[in-house]
Structure formats: structure tokens, C-alpha cells
Amino acid sequence: MVQEIDQKAINTIRALAADVVAGANAGHPGAPMGCAPIAHVLFSKFINANPKHSYFINRDRFLLSNGHACALQYIMLHLLGYELTMGDLKQFRQVGSKTPGHPERIDTDGVEVTTGPLGQGISNGVGLALAEAQLAATYNRPNFPIFDNYTYVLLGDGCLQEGVASEAASLAGHLQLGKLIAIYDDNSITIDGDTAVSFTEDVQKRFEAYGWDVTALHDGDTDVEGIEKAIAAAQRVTDKPSLIKVKTTIGFGSLEQGKEKVHGSPLKADDIKQIKQKFGFNPDVNYNIDDDVYEYYHARAKKGAEYEEKWNKLFENYKSKYPKEAAEIERRFANKLPDGWEKVLPRFTPSDEKVATRKLSEGVLTAIEQHLPELLGGSADLTGSNLTRWKNAVDFQPPSTKLGDYSGRYIRFGVREHGMFAIMNGMSAYGGIIPYGGTFLNFLTYGWGAARLSAVSHLRVVYVMTHDSIGLGEDGPTHQPIETLALTRATPNMLTIRPADGNEVSAAYWIALTQLTRPSIIALSRQNLPQLEGSSIEAALKGGYTLSTDDKPQIILISTGSEVSITVDAAKKLREKKISVRVVSMPCTEIFDDQSDEYKRKTIPPGIPVIAIEALGKFGWDRYSHAQIGMTTFGASGKIDDLYKHFGFTWEKIVEKAEVVIKHFEKLGYVPEVNSQL
């Protein structure tokens, strides 16, 4: 039997959701109104969290995968006492508010991940649950369940139609992530109307096939007790993730309930008034929350504070008994790397052998992994090509499979690039973990929706992208990235690092691991490359640096990755022709842009013609150069050396271009500044 205060709280949420969306004259009232009973049960009876210390380690995590329903999440956070006021609710969807049009983890207290693009939240949830399982297996001890939280996800029909959700859910079932509980708001409505027009599969059977525990509740509008029992039952399932399918009515209480009209548009004023009358509220009062409803949720918040206090005492006792492990947990969740970790980064001299930068990346991972227990990663079924697994790594697998255990740090993501990226976002958002994942650079765009959210969300995620140019050879244009790095370099808050040799690979990881709020794309070669004269880890940390120079260069050659050594050869030939030259290696334009104007102008002085050379698209290089040698077409299938000759990436072509550019500006009589010099 539902208690009177429970029903009043649910109806308060419904009416408030209508007001919040109407106040902004934009948004989605239907899902918040339909999901009000689910949210009420979850937040008032199950989720253990402390609104006054919203990011304590062992809190339960809640993710709103159908992020368009964010008015619901904001209302719940406000009711519980997070740093989100009634004034913030009234500023819904306004510039600079704490209540943006979709949940943003960097804007709103209590929001774990940024959601909105459908399917991302449930996939992030897999990452959060994976993180909890790995940390629990690593640090928990008998009678010390330091990591013991649940991850709850609310998702809708749209999320289940997105491929990324299928990828992540499939892996979650294989990994037997028993502390992941997803609640499916089955309201049968999308923007196009009834799901009968496009989405008629049996979701229950699908998730059962993935290896999930699945239950169904047929009345999510009024069966509050049933929702509570279903969640409690899911908690008792420890060897499978759980999906609870709840049939709801979108826009419950509205005159248009059950229709697509309530999905993405504010309700009309007379409709909102009749909703309030129907639920026993004053129809002329907006944004109303009665004291007894506040008191009810504040009592739950008090229990959350008590829950944290109990955990704090447990951790203090743990610290006494296991000081080393406790110190490591504290360090990791403070986002601090161990003192001196960078000293183990490999260093190289020109006498060292030629090595592919993907192989050098493997060497870095092998060197640092024992010093950085927070480093967890894997590959999308390309381990032997990406070289992302260090020797003796233990796979993260359910112990029952005998393929590894939950303390393992290497993840077999399978052929699931998009799922892998979204899962890494969840792992990073959990805290205490630096996730990395490998695939071919060309397949970065398979999962671009999640990679972009890494940048939007300010998450430290490391993308190990190998086979980074036409240099991958015979697989041809379907696998050769041309436009990919133009996309990553154009993306705000994302680092693109394309190292040229061993020292630059070490620097790439140093940059990626120390950037707390920026994801990094590390683009690595398939082919062997020489160790360069003039390179160093410290120089590469500047993003761009002078590799070699004459006193008064007539031309500056900027290059990245596998083309730097070719550029060095071209510089030697130019010097033989009595043409003075400077070679600048530019592994990361974003980090170079962060340097002082003095350093940038010293590295690329005005008044000297500049050519940029890269075996990818030219787009973007006009910011740093007057002329470019790059790709203007897709690639081709063939041997690496033949491809480089065919597309003009040879020292001969660079010399020829340099002579033409020098003559052009001599004839012009001056050299204009490039964008980066302004």
C-alpha cells in the first residue's frame, strides 16, 4: 500500500516538472512526469549518497541515460538538498545556469556523467560498474567493503535503439556486473510517435540473451510498491546486471498523456492547471513544494550522511590495518600521480633501432604499469595490432570464466569501439582510474559520439589509436585515416598527439596522464621509425619544438609523426643545396598553442616561409604554415614505400616544394604572418 506522503511526493515531482519546462518554454516534460514514481522510489529508498558531500567515494551512482528528461534529475537533486536551488530550477535551460538542457557533469552538483546523446548513459553505467568491481577486487578485504556501491541507470526506448547501448550491454552481460541495475522507462513513445512504427523487438529476450537478469512491471504509473520490490530483487542478483522493464505513461496526468506531444514541448497553461487540480494542488501556484515533501527527502538525505559517516569510520579502521592500500586509494581519488613516476619513461638516442611508435607505446605501458595501478585499459579486439597489453597483464574477467579475475587491469572490449569509448568515460567518471583503449585511428569515428563526450565532460581518457596514416599500407583507403585528425584537432578540449619517435611517445603519455580534464588521442604508426637527433621528452612536452635549425633559416618545415624523419632527410638535402632550414616537430598543436607567445614566436619566427608536412588531410595546417604537403584524396592499397612515393611524401618532393615556396615569397617581397603568430 503506497503511503500518502509517497504519492504526494510523486505528484509534486510531476507538477514541478511541468512548471520547470513551461518556465523555460523549452524541454521535455513527458518523461519526467511518467518516471516520477521510479525516481521517487530510487532516491527515497535505495540510493545511498550524501548531498552535502556529493562525491564521497562509495556513494551509489545514478545516471539519467535519457538525458532529455533532465528536469526530473534536477528536481530530485533539489529535493534532496544538493547545491541546486529553486532559483536554479527556474533558470532551466538558461545561459550559465546549473540546469542546462541536458545533464552536464561539470555544471551541476550530483550529476555523475554528461548525457543527452541517447545510449551513452547506459554505456557509461557499464564503465562505472566495471570500475566498482575492479576497485573492490583490488582493495576490499574481509569485513572491509570499501568499494560496495550500486550503479543505477534510468533509460528509455531511444537509448535501447542506439547501437552503443547494445555494445555496452552485451559486454556487461559477459562481465557479469551484478551491481549494475538499469530501469527501462517503457513508455512506447519517441519523437516520431508510437514505437510500433519502428521498435517492436522483444527487449526482455534481447537482454536475457546478453546475460542480464530481466524483470517486468506492468504498471509503473501507480504500482510504487512493485517498483520497490523489483529494485530490491535486482540487488539480490549478484552475478548478472539487471534490467527492470517498467511500463509507464509519458506525461502522466496531462490531457495529452501517452502521446508524442508531451515528449519534447512544454505543456499548455490550462493543461498544467488541470494537472495540479487533479493531484490536489493549487492550480494558480507555480513551482510549489510543500514542507512535508521537503522534510521527507531531507530525512533521506540525513540517512545518506549517516551512510557516509559509517563508511568514513570503516575507512579509518581500514587505514589502520592496511595503510599502504588506504594511502593509494586516497592518492588515486585525489587525482595525484605517484611521485617520480615519470622517471621510468623510456628514453632514446639516435643510435637506438628503428621502432614503430605503436611498439614504443607498448614499451611505455610496460614501463609505467606497475607504478600506476590506476591505469586500466584494453583494445577493441586488436590487442596484437594496437599492442596495448603489457606482458603478464591479468585480464578483467569474471572469476567463474577462469579467463582472469576482477582485479585484472586489461579489458577485452571485443569488436565494440563505440561501446569501449563510452565505457571508458564511465570508468574515468568513477574516479581513481585512468582508462585507455586501443583501435585503429580510422575507427575512432566509429565511436565518435562517446569520444566527443570525453571532451565535453572534461574526462581524462586516453585513446591509443594505431595505424595512423596511409602508412598502414595494404588495407587501403577503408582503413587509412585521412580526415580523422582534422576532426580531433578541431574539437575543443581534446588533445591530439602524433609522436615521431620514442622520446615523443614517452612525452605523449606524460601529457595524456597529467591532463586531468582533457582526453588525449595518441596517433601511432604501424611502420618502424628512426630515433631522431634533437628529440627529447622535455622538448616534446611543449607540443612543438625545434628539432634542428640553421642560424638564419630560409624555410621552416613543420612535421608530425612518421613524416618527421622524412622531413629531416629533406632538410639535409636542402643544406647540401646551401639552403638554410629549420625543422620543427609538432606532436601536439594544442599543447603548443598553450605555450607563451614568446616561445611560439621563437619556435616559428615571423618573416620566414613555413611548410607543414603530414600524411593526412591538410585541413587546419594553414594556421601554422604558408603551404602544406598533405592528402587531398583518400588513400590506396599498396606497400608503404610505394604509397609514400605515390602521394608525394618523399624528401625529394619536400625539397622541391621548399624551393618553390622560397622563390614565391622572394618574388612577393615579404612573408605574411600565419595565424598562430597573430
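J.: Which parts of the structure should I look at to understand the overall build of the protein?
T.: Tallying secondary structure elements over the protein gives 25 helices and 20 strands in all. In terms of C-alpha radius of gyration, the protein reaches 28 Å, essentially the compact-globule figure of 26 Å for 678 residues. Projected onto its principal axes, the C-alpha coordinates of the protein cover approximately 90 × 60 × 45 Å. Looking at the protein residue by residue over its 678 residues, the buried ones come to 62%. For the protein, the exposed area adds up to about 26000 Å²; of that, 49% sits on carbon and sulfur atoms. In the protein, which carries 72 positive and 83 negative side-chain charges, the distance between the mean positions of the two groups comes to 4 Å.

J.: Sorry, what's going on with the pattern of salt bridges here?
T.: A side chain with one charge can pair with a side chain of the opposite charge if their charged atoms come near. On inspection of all chains with the given rule, the structure shows 33 salt bridges. The closest approach of N and O atoms between E112 and R59, which form a salt bridge, is 2.8 Å. Of the two residues, E112 is situated in the loop between α5 (86-90) and α6 (120-139) and R59 in the loop between α3 (36-46) and β1 (61-64); the sequence distance between them amounts to 53 residues. K577 is paired through a salt bridge with E659; the nearest N and O atoms lie 3.0 Å apart.

J.: Is there a simple way to think about unusual backbone geometry in this case?
T.: Non-glycine residue N143 carries a positive phi angle of around 70°. Here N143 is to be found in the loop between α6 and β2 (151-156). A relative accessible area of 70% means that N143 is categorised as exposed. Located in the positive-phi region is L387, a residue other than glycine, with phi close to 55°. If you trace the backbone, L387 turns up in the loop between α15 (383-386) and β10 (410-412).

J.: Just checking my understanding: could you explain helix α25 (residues 651-668) for this structure?
T.: Three or four residues apart is the spacing at which side chains of an α-helix point the same way, because the helix has 3.6 residues per turn. For α25, spanning 18 residues, the distance from its first C-alpha to its last is 26 Å, which sits close to the expected 26 Å at 1.5 Å a residue. Of all the residues in α25, the buried ones are I654, V655, A658, V661, I662 and F665. Along the long axis of α25, the arc covered by the buried residues comes to 130°, so they all point the same way. For α25, the exposed residues set more than 90 degrees away from the buried face come down to V660, K663 and K667. Residues of α25 that are buried make contact with β17 (555-559), α21 (564-576), β19 (610-617) and β20 (627-631). With its phi angle positive at about 95°, G669 sits one or two positions after the end of α25.

J.: Would you explain the packing of helix α4 (residues 70-80) against helix α12 (residues 291-321) in this entry?
T.: Each pair of packed helices can be described by the angle between their axes along with the distance between the axes. Between α4 and α12, the shortest axis-to-axis distance is 7 Å and the interhelical angle comes to 80°. On the basis of their axis angle, the class for α4 and α12 is roughly perpendicular. Of the residues in α12, those touching α4 at M76, H78, L79 and L80 are V293, Y294, Y297, H298, R300 and A301. Taken together, the residues that form the contact of α4 with α12 break down as seven nonpolar, two polar and one charged.

J.: What's the story with the sheet that holds strand β3 (residues 180-186) in this structure? I'm lost.
T.: Strands belonging to one sheet form pairs held by backbone hydrogen bonds; the direction of such a pair is parallel or antiparallel. Strand order across the open sheet formed by five strands is β1-β2-β3-β7-β6, with parallel pairing between neighbours. Strands with a single pairing partner mark the edges of an open sheet, and in this sheet they are β1 and β6 (213-217). Neighbouring strand axes in the sheet, compared pairwise and without regard to direction, differ in orientation by 15° on average. As defined by bridge partners, β6 adjoins strand β7 (residues 242-247) across five bridges and the pair is classed as parallel. Counted as the bridge partner of A216 is K245 from β7.

J.: Is there a simple way to think about the side chain of K179 in this case?
T.: Among the structural elements, K179 can be located in the loop between α8 (163-175) and β3. A polar side-chain atom of K179 sits 2.5 Å from a polar atom in the side chain of D148. Here K179 is in contact with E132, D148, N149, Y150 and T151, once residues within four sequence places are set aside.

Each value, and the rule that gives it
- Along every chain, residues carry numbers that run from 1 in the direction the sequence is written.
- Owing to the predicted nature of the model, reporting of local features is limited to residues with pLDDT of at least 70; listing and counting of side-chain atom pairs is limited to 80 or more, with chain, interface and lining totals taken over all residues.
- With hydrogens and water stripped out, all remaining heavy atoms of the structure feed into the side-chain values.
- Each helix corresponds to a stretch of at least 4 residues labelled H or I by DSSP, and each strand to a stretch of at least 2 residues labelled E; elements are numbered beginning at the N terminus.
- Restricting the calculation to C-alpha atoms gives the radius of gyration, and the globule rule supplies 2.2 Å times the number of residues raised to the power 0.38.
- The buried label goes to any residue with under 20% of its type's maximum accessible area, the exposed label to any with over 50%, and the partly exposed label to all in between, with areas taken from a 1.4 Å probe on protein chains only.
- Under the convention used here, a 1.4 Å probe and the Shrake-Rupley method define accessible areas, while residue burial counts only the protein chains that appear.
- For the purpose of counting charges, residues Lys and Arg are taken to be positive, whereas Asp and Glu are taken to be negative. His and the chain ends are not included.
- Lys charges are placed at NZ, Arg charges at CZ, Asp charges at CG and Glu charges at CD.
- Salt bridge criterion: a side-chain nitrogen from Lys or Arg within 4 Å of a carboxyl oxygen from Asp or Glu.
- Any helix carries an expected span of 1.5 Å times its number of residues minus one.
- As used here, the arc belongs to the directions running from the helix axis to the C-beta atoms.
- Whether two residues are in contact is decided by their heavy atoms, any of which lying within 4.5 Å being enough.
- Helix axes are fitted only over the stretch in contact, all axes being lines through C-alpha atoms; the angle between N-to-C directions runs from 0 to 180 degrees.
- By definition in this entry, angles of less than 35 degrees are roughly parallel, angles greater than 145 are roughly antiparallel, angles of 65 to 115 are roughly perpendicular, and the rest are oblique.
- Only Asp, Glu, Lys and Arg are considered charged, only Ala, Val, Leu, Ile, Met, Phe, Trp, Tyr, Cys and Pro nonpolar, and every remaining residue, Gly among them, polar.
- Strand pairing is assigned whenever DSSP identifies at least 2 bridges connecting the two strands.
- Distance and chemistry together define a polar contact, namely a pair of N or O atoms within 3.5 Å, with one atom able to donate a hydrogen and the other to accept it when in protein, and with adjacent residues in sequence counting only for side-chain atoms on both sides.

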